[in-house]
2 protein chains.
Amino acid sequence: MPDRNRRVLLVRRPAGIPQPEDFGLDAVAVPEPGPGEILVRNLYLSVDPAQRGWASAEANYSQPVPLGGPMRALAVGIVVRSNSPEVAEGGFLYGWFGWQDYAVVPVSAIFRRCTEAVPLSAHAGLLGLNGLTAHLGLTELGRPRPGETVLVSTAAGAVGSLVGQIARNLGCRPLGLTGDDAKVARCREAYGYAAAWNYRSGDWAEALREEAPDGVNVYFDNVGGPILDTALRRMAVAGRIVQCGTASVASWTEVPTGPRVEREILTRRLIWSGFVVLDHKARFEEAVAQLSGWYAEGRILLDEDVSEGIEAAPGAIAGLYRGENRGKRLIYVG
Amino acid sequence: MPDRNRRVLLVRRPAGIPQPEDFGLDAVAVPEPGPGEILVRNLYLSVDPAQRGWASAEANYSQPVPLGGPMRALAVGIVVRSNSPEVAEGGFLYGWFGWQDYAVVPVSAIFRRCTEAVPLSAHAGLLGLNGLTAHLGLTELGRPRPGETVLVSTAAGAVGSLVGQIARNLGCRPLGLTGDDAKVARCREAYGYAAAWNYRSGDWAEALREEAPDGVNVYFDNVGGPILDTALRRMAVAGRIVQCGTASVASWTEVPTGPRVEREILTRRLIWSGFVVLDHKARFEEAVAQLSGWYAEGRILLDEDVSEGIEAAPGAIAGLYRGENRGKRLIYVG
């Protein structure tokens, strides 16, 4: 066991999307767990769009990451020491362990214990925050019925690629929007989308109109901005919009403007809801069971984009927002 | 029985809010009911903000009123001839009888039959489209729990004044926004609002913050525009916005812009829904029973602003949008 803990620290409050310069790397002594605490050796660090919000000082659904401290992150790791009777040494956990080699945390930082139902890394994606977000955002707020049309933005991303597959598994017709042609192909060939478009090229709004002449029943939106403006005007009566992210809007410090929506909400009788996965803990195990079952049946694809070495972390969030990843982005530090 | 039927015709497609010049008056022979039809003599013509949408050629939740025909309107009238076994002559009805003295209509144009539970005119307000809108918009989409804060715009209007009273009767704390000081007083003294403000004067946003420091749980919005922009940023987590009207936005022909809302929807986990009362027919009788019960118990106030003579109709919608009415606006033509 090495005697140093390499950490990625948040050294500057990001202006919008966190950039490499907002982070610093250090190496300190491996910490000792206190009473009731555990020491975890991280193996897979998760990279998530939500980290942008966590790093921001703007009012949010979580407290901002303190400046000078390790960047908040989920990770999969192994328990190397436990001072808690609830946690066995040698067990694998998924939890709030931060961008660092080692974490000393209370038991409350454990998100889920890993099982053998899926590969270890999948606990950070398919059965982690991404899979739960995709499943519960779609089923709890989107509530699609079989045969309905489900539009997904960031359709090839860690969440979107699962939303598409879950929608298909539930008997819906998923349509995808993504940012390059290779991802469009991936959406169609690997993620079960009935159709997908590159929103940077061509008239996807017109293509969507042809593909869904009766409108979109559920829009699972990870981007906001002009793509949302267009999709909102393609919704069917009684359609549901799940607001899961706003990745396309670079900054909210000065609130940007867009076309007013209240008349669309009214005349189409839309239901537009904000989704934060941690509000839905009561259904986590149910969702994990269904996702694990689909995985066992070969009805859901594990798609991971794994970098090696903690040095990849500082630039990883900005890379996500540039759309560089193919599937779930992880950093292996084991 | 006079031999002429005076009618208010839509002669020009309104640009935004219907103005007196968009209408013409004529007088024609009283029509004869055909097989299965009934002849109704109108007594009270209803004036409703929704008539703006009905007169518009923009895509909407109803077909536009044909140019040259009588203006679509609800009314309370008496059956003078019936060719339907389902309808007795001499009975009072509330229905789609238009802005005219007489209407020949099929039975399907009847909205509800009048009862003796309330005065005749109240079938066009408290137990009509307005009361059903207030009750079902609040209970079906707003779903307030006792003790919650309910903000209402056009708080002294035909719908708003009922939303306030219903919210109070359900054990909530209603707060009102209205357009002049006399209406503010009426909100506080007659409609049960815990507080009310004139949105045209003073810093109501700051006053609202003081009155509801933990945020607004339900916003029943009839206006849209900048008032909505502010209210949305005062919502509590998991708050519900009921979009019932967009009266403050003069025209949607060029879609106006406003501050983007997707981040607010997401971080506050709002549920923003569009309400059209005709989607909720299954619960009409339940709502009527509760409203009638409250009226009988003296727990709801009938507040009517009745003009005399059909000549008042052409200017009546514009007057509503200028906020001239005190309570439910009706035109007596009996």
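Residues numbered from 1 in each chain as written. Chains lettered and ligands numbered in written order. Predicted model: local features only at pLDDT ≥ 70, side-chain atom pairs only at ≥ 80, totals over all residues. Heavy atoms only, no water.

In the annotation of an unreviewed UniProt entry, chain A is listed under the name NADP-dependent oxidoreductase and assigned to Methylobacterium terrae.

Draft legend 1. Representation of the interface of chain A and chain B within the structure. Counting residues at the interface gives 37 residues for chain A, matched by 37 residues for chain B. Summing both sides of the interface, chain A and chain B together bury roughly 3100 Å²; the carbon and sulfur share of this comes to 61%. Summed over the three residues of chain A that lose the most area to chain B, namely A:Arg260, A:Arg263 and A:Leu266, the buried surface amounts to 26% of that side. Scanning the region where chain A abuts chain B turns up four salt bridges. A salt bridge links B:Arg260 to A:Asp229; the nearest nitrogen and oxygen atoms lie 2.5 Å apart. For the pair chain A and chain B, the interface holds 14 residue pairs in polar contact (both at pLDDT 80 or more). (Contact = heavy atoms within 4.5 Å. Buried area = accessible area lost by both parts, 1.4 Å probe. Salt bridge = Lys/Arg side-chain N within 4 Å of Asp/Glu carboxyl O. Polar contact = N/O pair within 3.5 Å; in protein donor to acceptor, adjacent residues only side chain to side chain.)

Draft legend 2. The relation of the copies chain A and chain B, seen in detail. Between chain A and chain B, which share one sequence, the superposing operator has a rotation angle of 180° and an axial displacement of 0.0 Å; the RMSD is 0.0 Å. The superposition operator between the copies reduces to a two-fold rotation axis. For chain A, the residue whose C-alpha comes nearest the rotation axis is A:Trp272, separated from it by 2.5 Å. A share of 100% of the interface residues of chain A reappears at the interface of chain B, consistent with the copies meeting face to face through the same patch. (Least-squares fit on C-alpha atoms with pLDDT ≥ 70 in both.)

Draft legend 3. A look at empty space enclosed by the protein. Applying the stated criterion to the full structure yields five cavities of 30 Å³ or more. If you add up the space inside the largest cavity, you get close to 150 Å³. Every residue lining the largest cavity is counted, 19 residues in all, and those nearest its centre are A:Pro259, A:Arg260, A:Val261, B:Pro259 and B:Val261. Those elements that provide at least two residues to the lining of the largest cavity are α6 (225-232) and β13 (257-259) of chain A together with α6 (225-232) and β13 (257-259) of chain B. Residue composition of the lining of the largest cavity, grouped by class: ten nonpolar, two polar and seven charged. (1 Å grid on protein atoms, 1.4 Å probe; cavity = no way out; pocket = protein on both sides within 12 Å on 5 of 7 lines; lining within 4 Å. Points joined across faces, edges and corners; volume = space filled by probe spheres on them. Helix = DSSP H or I, 4+ residues; strand = E, 2+ residues; numbered from the N terminus. Nonpolar A, V, L, I, M, F, W, Y, C, P; charged D, E, K, R; others polar.)

Draft legend 4. Fine view of the pairing of strand β16 (residues 328-332) of chain A. Residue and element names in this part refer to chain A. With four of five residues buried, β16 lies mostly within the body of the structure. Inspection of the sheet shows strand β3 (residues 37-46) paired to β16 by three bridges, in the antiparallel sense. Across the sheet, Ser46 pairs through a bridge with Leu330, a residue of β16. Of the strand pairs in this sheet, strand β15 (residues 304-308) and β16 are connected by five bridges, and their pairing is parallel. The partner of Ser307 across the bridge, within β16, is Ile331. (Buried < 20%, exposed > 50% of the residue type's maximum accessible area, 1.4 Å probe, protein only. Pairing = 2+ DSSP bridges.)

Draft legend 5. Inspection of the side chain of A:Asp303 at higher detail. All names here are of chain A. Secondary-structure assignment places Asp303 in the loop between α8 (284-296) and β15. Judged by relative accessible area, which is 17%, Asp303 ranks as buried. Among residues more than four places away in sequence, those in contact with Asp303 are Arg186, Tyr191, Gly327 and Lys328.

Draft legend 6. Structural detail: the pattern of salt bridges. Across all of its chains, the model carries 46 salt bridges over all chains by this definition. A salt bridge links A:Arg269 to B:Asp279; the shortest N-O distance between them is 2.7 Å. Here A:Arg269, found in the loop between α7 (262-267) and β14 (271-274), pairs with B:Asp279, found in the loop between β14 (271-274) and α8 (284-296), and the two come from separate chains. On the basis of relative accessibility, which here comes to 15%, the residue A:Arg269 falls in the buried class. In this structure B:Asp279 comes out as partly exposed when scored by relative accessible area, which is 43%.

Draft legend 7. Spotlight on the environment of B:Leu138. Residue and element names in this part refer to chain B. Looking at the element boundaries, Leu138 is found in helix α2 (residues 129-142). Residues Leu138 and Glu311 lie 173 residues apart in sequence; the distance between their C-alpha atoms is 34 Å. The residues contacting Leu138, other than those within four sequence positions of it, are Thr133, Arg143, Pro144, Val150, Val163, Ile166, Ala167, Leu170, Val218 and Phe220.

Draft legend 8. View of the environment of B:Leu278. Take B:Leu278: it is sitting in the loop between β14 and α8. Taking the C-alpha atoms as reference points, B:Leu278 and B:Tyr193, 85 residues apart in sequence, are found 27 Å from one another.

Draft legend 9. Spatial organisation of the sheet that holds strand β8 (residues 149-153) of chain A. Sheet architecture is open: twelve strands sit in the order β10(A)-β9(A)-β8(A)-β11(A)-β12(A)-β14(A)-β14(B)-β12(B)-β11(B)-β8(B)-β9(B)-β10(B), paired in mixed fashion. Pairing within the sheet leaves two strands with one partner each, and these edge strands are β10 (195-198) of chain A together with β10 (195-198) of chain B. Each adjacent strand pair in this sheet contributes to an overall mean axis angle of 15°, direction not counted. Pairing between strand β11 (residues 216-221) of chain A and strand β12 (residues 235-243) of chain A: five bridges, direction parallel. Bridging across to β12(A), A:Phe220 finds its partner in A:Val242. Contacts from helix α2 (residues 129-142) of chain A reach β8, β11, β12 and β14 of chain A, with the element oriented near 140° to β11(A). (Axes fitted to C-alpha atoms, helices over the stretch in contact; angles between N-to-C directions.)

Draft legend 10. Quick peek at the domain arrangement of chain A. All names here are of chain A. Domain annotation for chain A reports domain 1 (4-126 + 303-332) and domain 2 (129-278). The centre of domain 1, based on its C-alpha atoms, is set 28 Å off from the matching centre of domain 2. Of the roughly 1600 Å² buried at the junction of domain 1 and domain 2 (both faces included), carbon and sulfur atoms supply 52%. Put simply, domain 1 and domain 2 have two salt bridges between them. Close ionic contact of Asp303 with Arg186 constitutes a salt bridge, the shortest N to O distance being 3.2 Å. Joining domain 1 to domain 2, the criterion identifies nine residue pairs in polar contact (both at pLDDT 80 or more). In the side of domain 1 that touches domain 2, the residues fall into ten nonpolar, five polar and eight charged. (Domains from an automatic or database assignment.)

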